[in-house]
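Breakdown of the fold
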Amino acid sequence: MPRTQKQPDRGEETAREPGRPDRQRGRGAAGAVQSVDRAVTVLEILARHGEAGVTEIAEELDVHKSTAFRLLGVLENRGLVAQAKDRGKYYLGAGVLRLAGAAAVRLDISQEGVPVCREVADELGETVNIAVLDDDAAVNIMQARGTAAVTAQNWLGRRTPLHATSSGKVLLAHLSPTLREGLLARPLARFTDRTVTGAAMLRAELEAVVRQGYGVTVEELELGLAAVAAPVRAHDGEVIAAISVSGPVYRLDADRLPKVARRTAAAGAELSRRMGYGF
């Protein structure tokens, strides 16, 4: 018996009769979600088998080989899969390791940061956060509140601007010059009258952050809020996070800020040691 021709799956182009409405456009969003789901499934297949060819992947996905080949091409361009040219088989690429490594670092910082943040929060009575770089912002992944923190403001998971926060300035100061200048070339939003929006002035502040080992902001993001942050380094010395202490300006005033800055820098050094720096 002749083989029944496989019907085109939703990911493939189909001919459209003249004058007939293009219903594929209405399914654009659903098709995009389906493509993402299939791409993730491809990664799971390769993780399970170690390596696989286009035919094997197409069969597991229940799609045409052309669809599987297209998915693999996108993943290969992103470095998430690679191809053994001599066998034609695909396997997980270095990009997966990069993503997994970034996730592991965040998990490690969160876990190792708990006792450090708790100790500083108890000692100073203020709110302590750990933030990491997330594209063009700082995102807080760990928080501990001290006894003096009477407000219940939750910074956990919040994305904050790099140029208007102490953690952001620390992360920005330790970026590569190319990335840093690219971010400084963008318009800098003003949040209060004290927000630094000039690239030249901010550049000078970032140089001071590197020189003194910590960054300070006073009412640059919110009126009444002051903060100081210090870098957290990985085993290779790269700055991977910032630990900060924040509180109201009437407690973190000019007299107390230097002491808080020294304690924050010490906490950053301790967390860096826990992350393997200095060994």
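See the structure above.
Residues numbered from 1 in each chain as written. Predicted model: local features only at pLDDT ≥ 70, side-chain atom pairs only at ≥ 80, totals over all residues. Heavy atoms only, no water.

**Observations regarding the overall build of the chain**
Using the following cut-off: Put simply, DSSP marks the helices as runs of H or I at least four residues long and the strands as runs of E at least two long, and each gets a number from the N terminus on. In this scheme, a residue with accessible area under 20% of its type's maximum is buried, one over 50% is exposed, and one in between is partly exposed, where area comes from a 1.4 Å probe on protein chains only. The contact rule is simple, with two residues in contact once any of their heavy atoms fall within 4.5 Å. Methods summary: accessible areas were calculated by the Shrake-Rupley approach with a probe of 1.4 Å, and residue burial reflects only the protein chains presented.
A tally of regular secondary structure across the chain gives eight helices and eight strands. Residue burial in the chain is summarised as follows: out of 279 residues, 41% are buried. Partitioning the contacts of the chain with sequence separation of at least 6, the portion at a separation of at least 24 is 55%. Accessible surface for the chain amounts to roughly 15900 Å². Of this, 54% is attributable to carbon and sulfur atoms.

**Examining the sheet that holds strand S4 (residues 137-144)**
Definition in use: Whether two strands pair depends on DSSP finding at least two bridges between them. Axes here mean lines fitted to C-alpha atoms, for a helix over just the part in contact, with angles spanning 0 to 180 degrees between N-to-C directions.
The six strands lie next to each other as S5-S4-S3-S8-S7-S6, forming an open sheet whose pairing is antiparallel. What marks the edges here is a single partner per strand, and that holds for strand S5 (159-161) and strand S6 (215-218). The average angle at which neighbouring strand axes cross in this sheet is 35°, direction not considered. As paired strands, strand S3 (residues 127-134) and S4 are joined by seven bridges and run antiparallel to one another. If you follow Asp 134 over to S4, its bridge partner there is Ala 137. Against the sheet, helix H8 (residues 257-274) makes contact with S3, S6, strand S7 (225-233) and strand S8 (239-248), and its axis sits at roughly 30° relative to S7, the strand it touches most.

**Quick word on unusual backbone geometry**
Notably, Asp 62 is not glycine yet its phi reads approximately 60°, a positive angle. Mapped onto the elements, Asp 62 comes out in the loop between helix H2 (54-61) and helix H3 (65-77). The exposed category is assigned to Asp 62, whose relative accessible area is 55%.

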